[in-house]
Amino acid sequence: MTAKSLTLLWPYIVVAATSVIVMLVISVRRNHAAVFLLTLSGLAVATALLFLPYLSAPAMVTKLVLIDRYALFYTGLIFAATFIVAALSYPYLELRDGDHEEFYVLLLIAALGASVLTASVHFASLFLGLETLTVSLYALTAYLRSSDRSIEAGVKYLILAAVSSAFILFGMALVYAELGTMEFAAIAERAAGAEVHGLPLTAGFAMIIIGLGFKLAVVPFHMWTPDVYEGAPAPVTAFVATVSKGAVFALVLRLFSIIDVHGRGAEFLIFTVIAVASMFTGNLLALLQNNVKRILAYSSISHLGYLLVAFLASGSLAAAAVAFYLTAYFVTTLGAFGVVTVLSTKERDADSMDDYRGLARQRPWVAGIFTAMLFSLAGIPLTAGFVGKFYVVAAGVDSGLWLLVVILIINSAIGLFYYLRIIIALYTNPKEGGQPTPVPKLSRTGGAVLASLSLLLLWLGVYPGPLIDLIKKTMQNF
């Protein structure tokens, strides 16, 4: 490996090394606070080191990985989100009995797998990154062994994720058998340059889409999402909703941009149907829920449908719209699940609607932050979510996807209703004159994270210019 390649890989090496160091520290002496600080330090150093390869990118590191500005942007987003999840996890785990240091090892390994996905340009690196991420998530989802719901969620995620991996592998095998290569660029060249490829190649791509659809939890591959969101520990749910889905979507965008989904009618139609189904199914099923985690789970399905509208668009706006929307979605979703995390108690997560009734009287600033996050998810002006949806709509209009744009707007209006249900609960008294659910004392770490996310949310909604300029520079050669 050359010195240049080593420089490009330093952020990934630091995260991998941090996970190993944490394991060694645990083997010598267990100390939750020390492991927590070591994890945050490793993620902060790795994020800072992303600026080293930024100027020399793009560059291939073997045939498996392409370190370009696109990969570096999403890797930075993943590391930053993992940092926030780790910060939220410390006070959450402190409330619970037992040893929790291994949690951070799993979190670091999952972040490493997610970051590999953003730079993958080969089926081998795709599968290695995906399994590194997914296997860690099995354990993280079932981490609270004293909770039956957590174990059930882990088993469900294990089974369905294994099935999705089988679909991806079988699809890769069909594509390789037909084209004789596993490199994305070579696949695109050979698929476009030959006319003899028919059913095997289409079936291969379809199976890959099915497998990745499970990972993204888009319709009709969304069945695991509400149960896993409800059963997993609140910080893990935040990680799955942001880092896991964001990394897979970045991979999907790169893979099918290289293959040119717009030039392949069958694949384009599949993604269109999935986008429409995800928007309607996610929003309509969310209307029927009374559990906050399940509402946010179905909401995430609809947001993936919105993202697919930008994905299906062509032109310079498409990749930029996806990048901004994912950034806004990360900030908003981490903030929403951050509120759930800080309000959770030793016995259970704060996922019932009744847990939030009258919260504005007990913790007005927490209720205000949750309100801002929900408004952003709904796409209300002066929030990051509004700017994100605006760019998705602009990308769709620019590409003439009028039907998808109209469906997106209709579903945004539907989504507003269930977000308002939660907001109304925050500012109303408990039913039948009952007392509000006691709110636990908020930790300094949790409070600092929520305050930072709320300020970032408003900044991106009011003054998104610097981030948009960065995204345009990052995506200009994508």
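Residues numbered from 1 in each chain as written. Predicted model: local features only at pLDDT ≥ 70, side-chain atom pairs only at ≥ 80, totals over all residues. Heavy atoms only, no water.

A. Structural context of the packing of aromatic side chains. Considering all chains together, one arrives at 18 aromatic pairs under this definition. Judged by centre distance (5.8 Å) and plane angle (70 degrees), the ring pair of Tyr-138 and Tyr-157 falls under edge-to-face. Remark: Tyr-157 occurs in helix α7 (residues 148-179) and Tyr-138 occurs in helix α6 (residues 123-141); sequence separation between them is 19 residues. Using a relative accessible area of 15% as the deciding quantity, one classes Tyr-138 as buried. (Phe/Tyr/Trp six-rings, centres within 6.5 Å; stacked < 30°, edge-to-face > 60°. Helix = DSSP H or I, 4+ residues; strand = E, 2+ residues; numbered from the N terminus. Buried < 20%, exposed > 50% of the residue type's maximum accessible area, 1.4 Å probe, protein only.)

B. Spotlight on unusual backbone geometry. In this model, Val-219 is joined to Pro-220 through a cis peptide bond whose omega is 10 degrees. Among the secondary structure elements, Pro-220 is positioned in the loop between α9 (199-216) and α10 (225-231). Here the phi dihedral of Thr-62 falls at roughly 60 degrees; this positive angle occurs in a residue that is not glycine. Summarising the element assignment, Thr-62 is placed in the loop between β1 (59-61) and β2 (65-67). Of note in this structure, Ala-217 is not a glycine but carries a positive phi near 60 degrees. Ala-217 sits in the buried class, given a relative accessible area of 0%.

C. Quick peek at the environment of Leu-296. Tracing the sequence through the fold places Leu-296 in helix α13 (residues 292-312). Remark: the alpha-carbon pair of Leu-296 and Ser-165, spanning 131 residues in sequence, is separated by 25 Å. Not counting residues up to four positions away in its chain, the partners in contact with Leu-296 are Tyr-229, Ala-336, Phe-337, Leu-374 and Leu-377. (Contact = heavy atoms within 4.5 Å.)

D. Local environment of the pattern of salt bridges. The full count for this structure, using the stated rule, is 14 salt bridges. Put simply, Asp-68 and Arg-254 hold a salt bridge, and the shortest N to O gap is 3.0 Å. Within this pair, whereas Asp-68 is found in the loop between β2 and α4 (69-94), its partner Arg-254 is found in helix α11 (residues 234-259), the two being separated by 186 residues in sequence. Like Arg-254, Asp-68 is buried. Note that Glu-230 is salt-bridged to Arg-149, the shortest N-O span being 2.9 Å. A residue pair is termed long-range when its members are at least 10 positions apart, and Glu-230 in helix α10 and Arg-149 in helix α7 qualify at 81 residues. Residue class for Arg-149 comes out partly exposed when judged on its relative accessible area of 35%. Via salt bridges that share partners, Arg-149, Glu-152, Lys-156, Asp-227, Glu-230, Arg-294, Arg-348, Asp-351 and Asp-355 belong to a single interconnected network. (Salt bridge = Lys/Arg side-chain N within 4 Å of Asp/Glu carboxyl O.)

E. Representation of the nonpolar core within the structure. Counting 179 residues, the largest nonpolar core has Tyr-74, Phe-311 and Tyr-356 as its most contacted members. In terms of residues, this core owes the most to one element, helix α14 (residues 316-343), which gives 20 residues. Contact partners of Tyr-356, with chain neighbours within four places excluded, come to Val-292, Val-339, Val-340, Leu-343, Ala-350, Phe-370, Ala-425 and Leu-426. (Core = buried A, V, L, I, M, F, W, Y, C linked by side-chain atoms within 4.5 Å.)

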